[in-house]
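A closer look at the structure
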Amino acid sequence: GGRVLEDAHLVAQAALAAGRIAEAVRPSGWLPGRFTSEWRPAARWSCLTGNAQMANIWIRLFEITDEPQWLEPVPVVLRFLKATQNRSSANPGLRGGIKGSFPVGGDYGRHQLLSWATKFFVDALMRDHHVRSRPAGNTADARTLA
């Protein structure tokens, strides 16, 4: 919203929250599924949909600000998501899917594969590839990915 409205205050507030969440990324790429109002982990499960959305947000902040710090948590979070993805099922309705939570019994999308989790994951993979494959310093096309 801050980018579309060209509102620097909204972008700054998004960056503040995104930065606090980035600080919580474990070396494995795991993020807690919930936070307290003091930004402390409040769940023992990870919201895989939220992880994918955060990867997208960090990449968008990089596209808006050209600050490389925003790309730092992305690869580890994407690796974590890839590790949770079902890539072996013979059932095409399951193969490639992303669960709501990890472990699958977590509170978000409990025991479900979610189409929107998979969609946000694919968005993050494509957006990450896009920003990492463009020439350094080229932010001219940063607004092309909605």
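Residues numbered from 1 in each chain as written. Predicted model: local features only at pLDDT ≥ 70, side-chain atom pairs only at ≥ 80, totals over all residues. Heavy atoms only, no water.

**Notes on the pattern of salt bridges**
Two side chains carrying opposite charge are able to pair once their charged atoms lie near each other. Scanning the entire structure with this criterion turns up eight salt bridges. Between D123 and K119 there is a salt bridge, with the nearest N and O atoms lying 2.3 Å from each other. Taken together, the residues D123 and K119, both in helix α5 (residues 115–133) and four residues apart, mark about one turn of the helix. Looking at K119, the relative accessible area reads 44%, which means it is partly exposed. (Salt bridge = Lys/Arg side-chain N within 4 Å of Asp/Glu carboxyl O. Helix = DSSP H or I, 4+ residues; strand = E, 2+ residues; numbered from the N terminus. Buried < 20%, exposed > 50% of the residue type's maximum accessible area, 1.4 Å probe, protein only.)

**Things to note about helix α3 (residues 48–65)**
Given a rise of 1.5 Å per residue, 18 residues ought to cover 26 Å, and the 26 Å separating the end C-alpha atoms of α3 matches this to within 8%. Downstream of α3 by a residue or two, D66 has a phi angle that is positive, lying close to 60°. (Expected span 1.5 Å × (residues − 1).)

**What to know about the side chain of T118**
Assignment of secondary structure puts T118 in helix α5. Among the polar contacts made by the side chain of T118, one reaches the main-chain amide nitrogen of I98 at a distance of 3.1 Å. For T118, the contacting residues outside a window of four places in its chain are G96, G97 and I98. (Polar contact = N/O pair within 3.5 Å; in protein donor to acceptor, adjacent residues only side chain to side chain. Contact = heavy atoms within 4.5 Å.)

**Quick word on the nonpolar core**
Among the nonpolar cores identified, the biggest contains 30 residues, and W58, W70, L78 and L81 are the most heavily contacted of them. Listed by contribution, the elements that provide at least two residues to this core are α2 (8–23), α3, α4 (74–84) and α5. The biggest single contributor to this core is α3, with eight residues. Beyond its immediate sequence surroundings of up to four residues, W70 is in contact with A15, A18, G19, W58, L61, F62 and T65. (Core = buried A, V, L, I, M, F, W, Y, C linked by side-chain atoms within 4.5 Å.)

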